[in-house]
Amino acid sequence: MKKIGFLSFGHWTPSAQSATRSAADALLQSIDLAVAAEELGADGAYFRVHHFARQLSAPFPLLAAVAARTKRIEIGTGVIDMRYENPLYMAEDAGVADLISGGRLQLGLSRGSPEQVVDGWRYFGFEPQQGENDVQMGRRHTEELLEVLRGEGFAKPNPQPMFPNPPGLLRPEPWSDGLRERIWWGSGSDATAVWAAKLGMNLQSSTLKDDETGEPFHIQQARQIRAYRAAWKEAGHQREPRVSVSRSIFALINSTDRAYFGSSREGGDQIGYLDEKTRAIFGRSYAAEPEALIAQLAKDEAIAESDTLLLTIPNQLGVDYCAHVMEAILTHVAPALGWRE
């Protein structure tokens, strides 16, 4: 396990029980939590993107703000729904955020999950092409983004431009060299993991995937990662890919931890349906004293297969408590799992 970061959904709700009661709270606390994570020695600050929901949505202003407040920590998403994205405009936004960060952006993409509204991408001005569904549209947008991030010019310059152009065809600016190799795909199945490998994207695998064999979640996820690595090797890419998995992990250190999470220590996998056809398996949460956590996590085959662990954090409990959750894992659990070895 080389890297450990956090993943925040950025929930907010106008409730007296929440420490994150507005969109402004969610955004400003996300920045503060990334700063705290860097100070604790964590490796990454990742943010989920949902539209039409009281959660984080437009990622690039937030990523740029985090970049400006930090120096070392990786900054990423997990994931951006590509059904909603204009690839060229996204390339500009991503280039800005990556340059501000000094090349620390780790951009997680996917075709998206069930959303708050029906066909929400239509409200953003996108329609599948003839013979194409929304899933295929999301993948097409992804392939278009990957092509733009190569940095090759393709647009014919105006012969009478307002400002002088460099020679040749033009590309969206600013372009950030190296960002193409820091694009990840959030995969929910073995087949999409193989597709991501062929395109040279890193792999993000979260706390749920299609239930393809009926085996425990971590075993299915480990098999997915192995299929991804085999496809990567077969594709002949010259660099080593990166693979992350997400987990809800809580070390029970004090009475507050036990009050919040002590009753969930025996949790197991769950089965559900993402739609009428897709049976999914949801991975268990982990909550126990540090020694017990170490023993449990050592048996998680997918964690062993990955190089990056993203800790899903309960952001509505506030920055201080979420920082405590990370510190407890980094201090009492991560070294025994081979963190940074």
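Note: the structure precedes this text.
Residues numbered from 1 in each chain as written. Predicted model: local features only at pLDDT ≥ 70, side-chain atom pairs only at ≥ 80, totals over all residues. Heavy atoms only, no water.

Draft legend 1. How the structure looks around the overall build of the chain. In terms of helices and strands, the chain carries 11 helices and 14 strands. Taken over the C-alpha trace, the chain has a radius of gyration of 20 Å; the compact-globule value for 341 residues is 20 Å, and the two agree within 12%. For the chain, the C-alpha atoms occupy an extent of roughly 70 × 45 × 40 Å along the three principal directions. Taken over 341 residues, the chain has a buried fraction of 51%. (Helix = DSSP H or I, 4+ residues; strand = E, 2+ residues; numbered from the N terminus. Rg over C-alpha atoms; globule rule 2.2 N^0.38 Å. Buried < 20%, exposed > 50% of the residue type's maximum accessible area, 1.4 Å probe, protein only.)

Draft legend 2. Region of interest: the nonpolar core. Among the nonpolar cores identified, the biggest contains 70 residues, and Phe-6, Leu-107 and Leu-109 are the most heavily contacted of them. The element best represented in this core is helix α11 (residues 319-332), accounting for 6 residues. When neighbours within four sequence positions are excluded, Phe-6 is seen to be in contact with Leu-33, Ala-34, Ala-37, Gly-44, Ala-45, Tyr-46, Phe-47, Leu-311, Ile-313 and Met-326. Counting residues in each nonpolar core, the second largest holds 6 residues, with Leu-252, Phe-261, Ala-287 and Tyr-321 among its members. (Core = buried A, V, L, I, M, F, W, Y, C linked by side-chain atoms within 4.5 Å. Contact = heavy atoms within 4.5 Å.)

Draft legend 3. Here's a closer look at unusual backbone geometry. In the segment running from Gly-78 into Val-79, the intervening peptide bond is cis, with an omega of 10°. With respect to the helices and strands, Val-79 occurs in the loop between β3 (74-77) and β4 (80-81). Glu-173 connects to Pro-174 through a cis peptide bond whose omega is 0°. Locating Pro-174 in the fold gives a position in the loop between α5 (134-148) and β6 (183-186). Phi at Asp-119 is positive, roughly 50°, even though this residue is not glycine. What makes Asp-119 partly exposed here is its relative accessible area of 30%.

Draft legend 4. Just the side chain of Glu-115, in detail. Mapped onto the secondary structure, Glu-115 falls in the loop between β5 (105-110) and α4 (120-123). The charged side chain of Glu-115 is buried without a salt bridge, its nearest counter-charge being Arg-83 at 4.4 Å. Aside from chain neighbours lying at most four places away, what touches Glu-115 is His-50, His-51, Asp-81, Arg-83 and Tyr-84. (Lys, Arg positive; Asp, Glu negative; His and termini not counted. Salt bridge = Lys/Arg side-chain N within 4 Å of Asp/Glu carboxyl O.)

Draft legend 5. A look at the pairing of β3. Side chains Glu-74 and Gly-76 of β3 all project onto a buried face; the interleaved residues Ile-75 and Thr-77 project onto the opposite face, where all are buried too. Two strands pair when backbone bridges link them, and strand β2 (residues 44-47) and β3 are joined in this way by 4 bridges, in the parallel orientation. Bridge pairing in β3 links Tyr-46 to Gly-76. Of the crossover connections in this fold, the one passing from β2 over helix α2 (residues 59-69) to the parallel β3 is right-handed. (Pairing = 2+ DSSP bridges. Right-handed = clockwise from strand over helix to strand, strands pointing away.)

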